[in-house]
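Each chain is listed here by its residues.
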Amino acid sequence: MSDMEQADAPPYHLQLARMFAERRKADLDAPLCPVRDVLDRVGDKWTMLVLIALAERPRRFSEVNRTIPDISKRMLSQTLRTLERDGLVLRSVFPTNPPSVEYRLSELGRTVFEPLTMLVRWVERSHDAIGTARKQYDTSP
């Protein structure tokens, strides 16, 4: 989008509202919605932590597990398989005894960090306000 188009574009919240309305008009089957499909994955409890663990360099399973100490091995294995299926993570098996496996981000996996960084910055700026709002909600009659 050019600078001129960007200046004429409605604010982000209105852009998203319009996109959502267009999808509703198109009678898109909600479970088949591509946005929901990907956001379900990206918004999952472990996905972003696993991607961040792989951000600096490829890692073996046990390294990723040490980077995220509260994830179970079963959940880590499931998350890595799903990220590999989605094309965000690449898995390499090395012919050692026993075979060693390394995980690394794909090119597609690297593209998630720009919007993720923006989201994390928003969370850092908004966390106190969200905490205050939660307290007010929880204590209201």
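Residues numbered from 1 in each chain as written. Predicted model: local features only at pLDDT ≥ 70, side-chain atom pairs only at ≥ 80, totals over all residues. Heavy atoms only, no water.

Draft legend 1. Fine view of the UniProt feature "domain: HTH hxlR-type" (unreviewed entry) in the protein. Cross-referencing UniProt, the feature "domain: HTH hxlR-type" (unreviewed entry) maps to residues 33-131 in the present numbering. A helix fraction of 60% and a strand fraction of 14% characterise residues 33-131, whose end C-alpha atoms lie 32 Å from each other. (UniProt positions renumbered as here; feature names shortened; annotations may be inferred. Helix = DSSP H or I, 4+ residues; strand = E, 2+ residues; numbered from the N terminus.)

Draft legend 2. Region of interest: the environment of Leu 83. Examined against the element boundaries, Leu 83 turns out to sit in helix H6 (residues 73-85). You can call Leu 83 buried: its relative accessible area is 0%. Sequence separation between Leu 83 and Thr 47 is 36 residues; the distance between their C-alpha atoms is 7.7 Å. Residue contacts for Leu 83: discarding those within four places in its chain leaves Arg 41, Thr 47, Val 50, Leu 51, Leu 88 and Val 89. (Buried < 20%, exposed > 50% of the residue type's maximum accessible area, 1.4 Å probe, protein only. Contact = heavy atoms within 4.5 Å.)

Draft legend 3. Summary view of the sheet that holds strand S3 (residues 100-105). A sheet is described by the order of its strands in space; here three strands give the open sequence S1-S3-S2, paired in antiparallel fashion. Pairing within the sheet leaves two strands with one partner each, and these edge strands are strand S1 (59-60) and strand S2 (89-94). Examined bridge by bridge, S2 and S3 share six bridges and lie antiparallel to one another. Note that in S3 the partner of Phe 94 across the bridge is Ser 100. (Pairing = 2+ DSSP bridges.)

Draft legend 4. Geometry of the pairing of S3. The pairing of S1 with S3 spans two bridges and is classified as antiparallel. Residue Arg 60 lies in a different strand from S3, and its bridge partner there is Glu 102. Counted between consecutive antiparallel strands, the loop separating S2 from S3 contains five residues.

Draft legend 5. Highlighting the pattern of salt bridges. In the structure shown here, the tally under the stated rule is four salt bridges. Two residues, Glu 56 and Arg 59, come together in a salt bridge whose shortest N-O distance is 3.5 Å. In this structure, the salt-bridge partner of Glu 107 is Arg 110, at a minimum N-O distance of 3.0 Å. Of this pair, Glu 107 and Arg 110 both sit in helix H7 (residues 107-110), separated by three residues, roughly a single helical turn. Taking the relative accessible area as the measure of exposure, Arg 110 reaches 43% and is therefore partly exposed. (Salt bridge = Lys/Arg side-chain N within 4 Å of Asp/Glu carboxyl O.)

Draft legend 6. Spotlight on the environment of Glu 102. Structurally, the position occupied by Glu 102 is in strand S3. Accessibility expressed as a relative area gives 24% for Glu 102, which makes it partly exposed. On a C-alpha basis, the gap between Glu 102 and Ser 62 in space is 9.6 Å, while along the polypeptide they are 40 residues apart. In contact with Glu 102, not counting residues within four places along its chain, are Pro 58, Arg 59, Arg 60, Leu 90, Arg 91, Ser 92 and Phe 94.

Draft legend 7. Structural context of unusual backbone geometry. The peptide bond linking Asn 97 to Pro 98 adopts the cis configuration, its omega dihedral lying at -5°. Checked against the element boundaries, Pro 98 lands in the loop between S2 and S3.

Draft legend 8. Highlighting the side chain of Arg 59. Within the element layout of this structure, Arg 59 appears in strand S1. For Arg 59, a relative accessible area of 11% puts it in the buried group. A polar contact is formed between the side chain of Arg 59 and the backbone oxygen of Ala 53, at a distance of 2.5 Å. Among residues more than four places away in sequence, those in contact with Arg 59 are Ala 53, Leu 54, Val 64, Thr 67, Glu 102 and Tyr 103. (Polar contact = N/O pair within 3.5 Å; in protein donor to acceptor, adjacent residues only side chain to side chain.)

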